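Each chain is listed here by its residues.
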Amino acid sequence: MPGATAPRTDPAPLLPDAAPVRVLGTPALEKQDPALLRELYRRLVVGRRYNQQATTLTKQGRLAVYPASTGQEACQIAAALALGERDWLFPSYRDTLAVVSRGVDPLEALTLLRGNAHTGYDPRATRTAPLCTPLATQAPHAVGLAHAARLGGDPVVALAMLGDGGTSEGDFHEALNFAAVLQAPVVFLVQNNGYAISVPLSAQSAAPTLAHKAVGYGMPGRLVDGNDAPAVHGVLAEAVERARTGGGPTLVEALTYRVEAHTNADDATRYRTEPEVAAWREHDPILLMERSLRGLGVLDDALVRESADEAEALAARMRAEFHAEPELDPMSLFTHVFAEPTQQLREQAAQLSAELAAEAEVQQ
């Protein structure tokens, strides 16, 4: 059949960058908005302290679990800043810092990980989907919302955040295929931190980069240094604008590293070496910003102190608020599960209600 094997789209423009996009330490830094650079630095410092305090709360038993994004803060901050107020963020379980950076209160952002509720914030009000623990299931949701918004004439962009492990899930394939065919206004940000818990990337994918996967779906792939905050912000902002103006979806792979263990239940020393971690600590996003911005004359001691003071104030507020025991309604377990509760849920709710009533009678 003539032409049957010809590509439907020229793949060349879809291929990712030959090398990860970088701004820090390059001539491109001088073209950056100084105000944006200072804001990125401030948020990185506050974000690092947020990660540290949340990790400590887990060790104290105040949180059931906490997957820290320490070392990945540039991706988290850039994702939040690249979105407009009416856009939607679809985070994974490791993206609480991105959620907080969107304006969600830290206590509410961590409610799920505390084990107190399905989610601690109103997704509609914050335009932030609940933290997603199952890998990649939030990606098709992002596509569906973005496509529906476009059909309704609403210029909304959805940004779905995933880890490298999420790219091995079927939901990832379905979301990218769905988005590309419909040209949905979605940006997929894959934070490639090297490991899916203990499984290294080399055991997950044989692709040249994860960004190359975009070509198979018919969308552009971008590759960026995930610890270079202005570079990540620039690539994401460009992808968001492209989606908003009808250009369709983009897959962005940010090369970064998970400095801490997968969660507080993980022993990372069993599958990676200290020299490997030490090498990535030298490529820390905050250190990279400090070195470059001081050389540019954008960062001074006053901003360093202000950022550190703001970070400590946030940590103190988190300690105070998490010290108080919340008043929980056990019956809330059954809300926001199904629009119409199943028979099994109704039976479970009735059983729990009877048990709570009997307990109340005994206490009287």
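A few points on the structure. Keep in mind that this is a model prediction, so the values were computed, not measured.

Tracing the sequence through the fold places R127 in the loop between α6 (123-126) and α7 (138-151). Here R127 sits buried without a salt bridge, and the closest side chain of opposite charge, D154, lies 4.3 Å off (N-O distance). The contacts of R127, once residues within four sequence positions are left out, are E85, R86, D87, W88, L89, R102, D154 and V156.

This brings us to the pairing of strand β3 (residues 186-192). Among the 7 residues of β3, 7 are classified as buried, and the element is accordingly described as predominantly covered. In the sheet, strand β2 (residues 158-163) pairs with β3 via 6 bridges, with the strands oriented parallel. The residue of β3 that forms the bridge with L162 is V190. Of the pairings in the sheet, the one linking β3 to strand β7 (residues 250-255) comprises 6 bridges and is parallel in character. Its bridge partner lying in β7, Q191 is registered against A254.

Turning to the packing of α7 against helix α8 (residues 170-182), a few remarks are in order. Between two packed helices, both the angle of their axes relative to each other and the distance between the axes serve to describe the pair. Put simply, α7 and α8 touch, their axes get as near as 8 Å, and they point 20 degrees apart. Put simply, α7 runs roughly parallel to α8. Both α7 and α8 take part in a crossing whose hand is left-handed. Side by side, α7 and α8 meet where A139, P140, V143, G144, H147 and R150 of the first sit next to D171, A175, F178, A179 and L182 of the second. Each residue belonging to the contact of α7 with α8 can be placed in one class, and the counts come to 7 nonpolar, 2 polar and 2 charged.

For α8, which comprises 13 residues, the first-to-last C-alpha distance of 18 Å matches the rise-based estimate of 18 Å (1.5 Å per residue) to within 8%. Among all positions of α8, only F172, A175, L176, A179 and A180 are buried. Buried residues of α8, seen end-on, are gathered within an arc of 120 degrees and therefore sit on one face of the element. Buried residues in α8 make contact with α7, β2, β3, α9 (213-217) and β7. A positive backbone phi angle near 55 degrees is found at Q183, which sits one or two residues after α8.

The rules we used
- Residues numbered from 1 in each chain as written.
- Predicted model: local features only at pLDDT ≥ 70, side-chain atom pairs only at ≥ 80, totals over all residues.
- Heavy atoms only, no water.
- Helix = DSSP H or I, 4+ residues; strand = E, 2+ residues; numbered from the N terminus.
- Buried < 20%, exposed > 50% of the residue type's maximum accessible area, 1.4 Å probe, protein only.
- Lys, Arg positive; Asp, Glu negative; His and termini not counted.
- Salt bridge = Lys/Arg side-chain N within 4 Å of Asp/Glu carboxyl O.
- Contact = heavy atoms within 4.5 Å.
- Pairing = 2+ DSSP bridges.
- Axes fitted to C-alpha atoms, helices over the stretch in contact; angles between N-to-C directions.
- Parallel < 35°, antiparallel > 145°, perpendicular 65-115°, else oblique.
- Left-handed = near helix turned anticlockwise from the far one by under 90°.
- Nonpolar A, V, L, I, M, F, W, Y, C, P; charged D, E, K, R; others polar.
- Expected span 1.5 Å × (residues − 1).
- Arc of directions from axis to C-beta.

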